[in-house]
There are 2 protein chains.
Amino acid sequence: MNTYASRLLENAVNELSRLPGVGKKTALRLALHLLKKEPAVSEALGNAIIQLRNEIKFCKVCHNLSDSEICEICASPKRNESLICVVEDIRDVMAIENTGQYNGLYHILGGIISPMDGIGPADLNIESLVNRIQKGNVSEVIMALSTTIEGDTTNFYIYKRLKETRIAISTIARGISVGDELEYADEITLGRSILNRLPYENTLDS
Amino acid sequence: MNTYASRLLENAVNELSRLPGVGKKTALRLALHLLKKEPAVSEALGNAIIQLRNEIKFCKVCHNLSDSEICEICASPKRNESLICVVEDIRDVMAIENTGQYNGLYHILGGIISPMDGIGPADLNIESLVNRIQKGNVSEVIMALSTTIEGDTTNFYIYKRLKETRIAISTIARGISVGDELEYADEITLGRSILNRLPYENTLDS
């Protein structure tokens, strides 16, 4: 006998369990949850998923997700067009937007250089970043990638690509997180935050 | 600005985060995962969810999920029709089927009596169980509910309802520790507890 008593259920469980972090048991729990709810709930979820993939666009300038050709950030007249913050993916844009501390534009690479995963520079949106900078108007590029070997590699690659444009390139500060206790910080982070220490006055107004 | 850069993404995240155990961050991770995959993946997932809810049927005899009017178990000539195993929901049927120790039929209550959640006997498939037994052909009812207070209450309620039919009522052996839920029990324990079921009276004084 079919384990799931129904081919429809089996199909739904199989599809749900393809999602990252969702195993067969979780998928079954989700499917049975949907069966207990109104049909409209499943309808809304199913259509939202299909529409998302079929109708979403990527901003032609920064590669951010968007409902139109140019994303809201790139289209906004209130943003500082001379600043470009380079990030790995759209979640980083959201994280930085949530801080309320950044008013420039973004450039989403769509990943980081990772030979282990077969991702090279050609797979990322690096060429379009170079083009944006060559067009002028940009005064500074802020690298905001993860502090991993892959992130550092990508930083360095982009740094070398942009070196001849003589544009200012900075990276976001690495150091001890707010609220962290010194004794639990790892040695590399702590070491860097000592090397990159700031005048105390600079931290007072933030 | 819209946190998700896109109304389509926001919509998908909102719908996904209605699933149990899925928060906004997980929902976003799932949505971005789908965006990285082929459109066919989202299409298959979305349609599987919609079809599941719209086309699934419940077996008219045992209330199991089914693709047809009568489920595969009830329709099978190989099953012992004189045994009915009473369970809370379809996951318990799957768990018992996986043991390979049971060859009778099932009756799915669709829940257990739980005054705290506003679930009374009238909300469960108890009347149809009584009808099945009054029709004859059944020699034994095996109670296989979770060993919780609600499970015990439901056991006792059904025991009282069926007492006048003079049918043999047993419960699966309490090899499963108190507080454990059936679906997470290992197959050997669950299989043994079906083989070693006890007359319900024997468990009343414990």
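Here the structure is a predicted model, which is why all the values come from computation and not from measurement.

1. Here we look at the overall build of chain A
Then comes step 1: Within chain A, the regular secondary structure consists of nine helices and six strands.
Then comes step 2: Here chain A has a C-alpha radius of gyration of 22 Å; the compact-globule value for 206 residues is 17 Å, and the former is much larger.
Then comes step 3: When its C-alpha atoms are laid out on the principal axes, chain A stretches across 70 × 45 × 35 Å.
Then comes step 4: Among the 206 residues that make up chain A, the fraction classed as buried is 39%.
Then comes step 5: Counted over contacts in chain A with a minimum sequence separation of 6, partners at least 24 positions apart contribute 48%.

2. Concerning the nonpolar core
Then comes step 1: Within the largest apolar cluster, 48 residues are counted, with the highest numbers of intra-cluster contacts made by L9, L16 and L52 of chain A together with L9, L16 and L52 of chain B.
Then comes step 2: Where this core is concerned, the elements lending two or more residues are helix 1 (7-16), helix 2 (24-36), helix 3 (39-55) and helix 5 (90-99) of chain A together with helix 1 (7-16), helix 2 (24-36), helix 3 (39-55) and helix 5 (90-99) of chain B.
Then comes step 3: With sequence-adjacent residues up to four places away left out, L16 of chain A is seen in contact with V22, A27, L30 and A31 of chain A together with L45 and I49 of chain B.

3. Some words on the sheet that holds strand 4 (residues 104-108) of chain A
All names here are of chain A.
Then comes step 1: Here four strands make up an open sheet; going across it, the order is 4-3-5-6 and the pairing parallel. With one partner strand each, in any of the chains shown, strand 4 and strand 6 (168-171) form the two edges of the open sheet. The average undirected angle you get between the axes of adjacent strands in this sheet is 25°.
Then comes step 2: When strand 3 (residues 80-87) meets strand 4, the two strands line up parallel, connected through five bridges. Residue V86 lies in a different strand from strand 4, and its bridge partner there is H107.
Then comes step 3: Where helix 6 (residues 127-134) meets the sheet, it contacts strand 3, strand 4 and strand 5 (140-143), and its direction lies at approximately 150° from that of strand 4.

4. So, unusual backbone geometry
Residue and element names in this part refer to chain B.
Then comes step 1: Non-glycine residue H63 carries a positive phi angle of around 70°.
Then comes step 2: Relative to the elements of secondary structure, H63 occurs in the loop between strand 1 (57-58) and strand 2 (65-66).
Then comes step 3: Its identity is not glycine, yet R166 carries a phi of approximately 55°, on the positive side.
Then comes step 4: Of note, R166 is situated in the loop between helix 7 (149-162) and strand 6 (168-171).
Then comes step 5: We classify R166 as exposed; its relative accessible area is 77%.

5. Focus on the domain arrangement of chain A
Then comes step 1: On domain assignment, one finds that chain A holds domain 1 (7-55) and domain 2 (68-204).
Then comes step 2: A separation of 36 Å is found between the C-alpha centroids of domain 1 of chain A and domain 2 of chain A.

Rules used throughout
- Residues numbered from 1 in each chain as written.
- Chains lettered and ligands numbered in written order.
- Predicted model: local features only at pLDDT ≥ 70, side-chain atom pairs only at ≥ 80, totals over all residues.
- Heavy atoms only, no water.
- Helix = DSSP H or I, 4+ residues; strand = E, 2+ residues; numbered from the N terminus.
- Rg over C-alpha atoms; globule rule 2.2 N^0.38 Å.
- Buried < 20%, exposed > 50% of the residue type's maximum accessible area, 1.4 Å probe, protein only.
- Contact = heavy atoms within 4.5 Å.
- Core = buried A, V, L, I, M, F, W, Y, C linked by side-chain atoms within 4.5 Å.
- Pairing = 2+ DSSP bridges.
- Axes fitted to C-alpha atoms, helices over the stretch in contact; angles between N-to-C directions.
- Domains from an automatic or database assignment.

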